[in-house]
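If you want the building blocks of each chain, they are given just below.
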Amino acid sequence: MIEVKLHDVGEGMTEGEIANYLVRVGDRVTIDQPVVEVSTDKMVAELPAPVSGVVTDLIIPVGQTVSVGTVLLLIEALETETAVTAEQPIQQTTEQIKVRPPVVTPAVPSNNRRVLATPYTRKIAREHGIDLEQVPPSDPSGRVTEEDVRRFLDADTSVEKTDVVEQTSTLSANPVETIPFRGIRKQIAKKMTQSLFTIPHVTHFEEVDMTRLLALREELKTAGKPISVNAFFIKALIVALQDFPVFNAKLDEANEQIILEQQFHIGVATETADGLIVPVVRDADKLTMQQLHTRVAELSARAKTGDLRAADLKPSTFTMSNVGPLGSTGATPIINYPETALIAFHKTKKRVCVDDHDQIVIRSMMNLSMSFDHRVADGATAVAFTNRFAGLIEHPTTLLMELI
């Protein structure tokens, strides 16, 4: 009998939540076939069968969080696979594990048949309490689409029947709607709680004149060399972090020391249908502006479609969040523990300003907010850091000079 255990699917992982079984007892599986989805703090990993055989037991229930090394299910190996034993685990690199933003099993019972569906389709089904296994697929491949789910919902679905039963049994005119608190939302909550209860947060606010940078960006775009604002932000942040390394650091309380990181791995907070994901631009200081532009676009696209690899989610040294496109004017962001600081960029809008010659002018102004660990840095240092960043953005030619 072969034991399928939870193993480390990401750097430093210690536990995971059983998100969904892709097989049921009695199913015959082949080697490397995905058998269970495990949710970590940033992704869902599909664990494969180490051998070909028959599933004999699903040990851990869906929704339970277990530590690395826990036996999740048992497979009776076929005779041709008997050479593989539980004491000889299959070795995998994190690059071989398919990861994506977590999805959660439907609220209604499931017979554990594997259903092909995108994370967004699963999200719609989950919100309406629909079991995807009951939804007839219109696609010849068997994939359940968003339209399939909505048709099922409109046709007197199990959700409507369940609501009637609940209202009848409780005699309530106002049934309560619930959303499962698990998967990535639960993991985000754990990490945010850890950060707030561990780090004394202080948030510093600043405004940045984006006029010259936006003009340069438009000029580059016209010349056929489009560069995203995020690429400029990352380059300016790296220069500022090199000048103020205390913000590219983490506090090691056990050994009473502040570790100044020598690499610049910039986390870029990205909103997805299933929650906030922070893919990481690794060694960002070694990338050109064009490479940064391409890398950020790739990570953002993969985060939204659920195609991130484990390597894309390795720990960052500093995190940025550009929420301006969403319309934000200010916030007090929570630090991505165990980092020292996080900077958020807000909406850019034209404002009436007074220039250095006391002339009234219209400028494109952006607010930023930077939360930092007050155990590691002081307010004056944070102001100096954002001033350095703002100076590079407001005068992009000086930023380009820093890159020579």
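*Asks:* Even after reading the chapter, I still don't get helix H8 (residues 379-394), so can you show me in this structure?
*Replies:* With 16 residues, H8 ought to run about 22 Å at 1.5 Å a step, and its terminal C-alpha atoms sit 22 Å apart, in line with that. For H8, the full list of buried residues reads Ala382, Phe385, Thr386, Phe389, Ala390, Leu392 and Ile393. All buried residues of H8 fall inside an arc of 160° around its axis, so they share one side.

*Asks:* Just checking my understanding: could you explain the sheet that holds strand S19 (residues 360-373) for this structure?
*Replies:* Neighbouring strands of a sheet are bound in pairs by backbone hydrogen bonds; such pairs are parallel or else antiparallel. If you walk across this open sheet you meet the 6 strands as S10-S19-S18-S17-S13-S16, and the pairing is mixed. Each of the sheet's edge strands pairs with one partner strand only, and the pair in question is strand S10 (201-209) and strand S16 (280-281). As defined by bridge partners, S10 adjoins S19 across 9 bridges and the pair is classed as antiparallel. For Phe205, the partnering residue across the bridge sits in S19 and is Ser369. Sheet contacts for H8: S10, strand S17 (318-322), strand S18 (341-354) and S19; angle to S10, the most-contacted strand, approximately 25°.

*Asks:* Is there a simple way to explain the nonpolar core in this structure?
*Replies:* Among soluble globular proteins, nonpolar side chains are generally buried collectively. Membership of the largest hydrophobic core comes to 76 residues, with the highest contact counts inside it found for Leu72, Leu73, Ile234 and Phe247. The leading source of residues in this core is helix H6 (residues 229-243), at 11 residues. Excluding anything up to four places from it in sequence, Ile234 contacts Ile266, Val268, Val281, Ala284, Leu292, Val296 and Met320. By size, the runner-up hydrophobic cluster in this structure holds 11 residues, among which are Ala117, Ile124, Phe152 and Leu153.

*Asks:* Teacher, can you tell me more about a nonpolar patch on the surface here?
*Replies:* On the surface, a nonpolar cluster with roughly 460 Å² of combined accessible area is contributed by Val352, Val354, Ile360 and Ile362. Elements supplying a minimum of two residues to the nonpolar patch: S18 and S19. Relative to the elements of secondary structure, Ile360 occurs in strand S19. Taking relative accessible area as the criterion, Ile360 reaches 66% and is therefore assigned exposed.

*Asks:* Please explain the pattern of salt bridges as it appears in this structure.
*Replies:* Side chains that differ in sign of charge can pair as their charged atoms come close. One pass over the structure, following the stated rule, counts 13 salt bridges. Arg351 serves as the salt-bridge partner of Glu207, at 2.9 Å between the closest nitrogen and oxygen. In this pair, Glu207 is assigned in strand S10 and Arg351 in strand S18, connecting sequence segments 144 residues apart. Accessibility expressed as a relative area gives 22% for Arg351, which makes it partly exposed. Measuring nitrogen to oxygen at the nearest pair gives 2.7 Å for the salt bridge that ties Asp243 to Arg388. Of this pair, Asp243 sits in helix H6 while Arg388 sits in helix H8, placing them 145 residues apart in sequence. On the accessibility criterion, Asp243 (41% relative accessible area) is partly exposed. Judged by its relative accessible area of 25%, Arg388 is partly exposed. Sharing partners across several salt bridges, the network here consists of Asp243, Arg388 and Glu402.

*Asks:* Is there a simple way to think about the layout of surface pockets in this case?
*Replies:* Quantified by volume, the largest pocket comes out at close to 980 Å³. Lining the largest pocket we find 42 residues, and of these Ala269, Thr270, Leu276, Ser321 and Val323 sit closest to its centre. Listing elements by their share of the lining of the largest pocket, those giving two or more residues are helix H4 (183-198), H6, strand S14 (270-272), strand S15 (275-277), helix H7 (289-305), S17 and S18. Among the residues forming the lining of the largest pocket, the class breakdown is 21 nonpolar, 13 polar and 8 charged.

*Asks:* Is there a simple way to think about the packing of aromatic side chains in this case?
*Replies:* Note on aromatic pairs: each is described by the distance of the centres and the angle between the planes. Counting across every chain of the model gives 7 aromatic pairs. An angle of 85° between the planes, with centres 6.2 Å apart, marks the rings of Phe244 and Phe385 as edge-to-face. Residue Phe244 is located in the loop between H6 and strand S11 (249-252), and its partner Phe385 is located in helix H8; the two are separated by 141 residues in the primary sequence. Judged by its relative accessible area of 21%, Phe244 is partly exposed. Ring centres 6.4 Å apart and planes at 80° place the aromatic pair Phe247 and Phe372 in the edge-to-face group. Of this pair, Phe247 sits in the loop between H6 and S11 while Phe372 sits in strand S19, placing them 125 residues apart in sequence. Across this residue pair, the class does not change: Phe247 and Phe372 are buried. Taken together, the ring pairs connect Phe244, Phe247, Phe318, Phe372 and Phe385 into an aromatic cluster.

*Asks:* Could you clarify how one ought to interpret the environment of Thr329 in this entry?
*Replies:* For Thr329, the location among the structural elements is in the loop between S17 and S18. In this structure Thr329 comes out as exposed when scored by relative accessible area, which is 51%.

The rules behind these values
Residues numbered from 1 in each chain as written. Predicted model: local features only at pLDDT ≥ 70, side-chain atom pairs only at ≥ 80, totals over all residues. Heavy atoms only, no water. Helix = DSSP H or I, 4+ residues; strand = E, 2+ residues; numbered from the N terminus. Expected span 1.5 Å × (residues − 1). Buried < 20%, exposed > 50% of the residue type's maximum accessible area, 1.4 Å probe, protein only. Arc of directions from axis to C-beta. Pairing = 2+ DSSP bridges. Contact = heavy atoms within 4.5 Å. Axes fitted to C-alpha atoms, helices over the stretch in contact; angles between N-to-C directions. Core = buried A, V, L, I, M, F, W, Y, C linked by side-chain atoms within 4.5 Å. Patch = residues over 30% accessible without salt bridge, like charges linked within 9 Å, V, L, I, M, F, W, Y side chains within 5 Å. Areas by Shrake-Rupley, 256 points an atom, 1.4 Å probe, with all protein chains shown as cover. Salt bridge = Lys/Arg side-chain N within 4 Å of Asp/Glu carboxyl O. 1 Å grid on protein atoms, 1.4 Å probe; cavity = no way out; pocket = protein on both sides within 12 Å on 5 of 7 lines; lining within 4 Å. Points joined across faces, edges and corners; volume = space filled by probe spheres on them. Nonpolar A, V, L, I, M, F, W, Y, C, P; charged D, E, K, R; others polar. Phe/Tyr/Trp six-rings, centres within 6.5 Å; stacked < 30°, edge-to-face > 60°.

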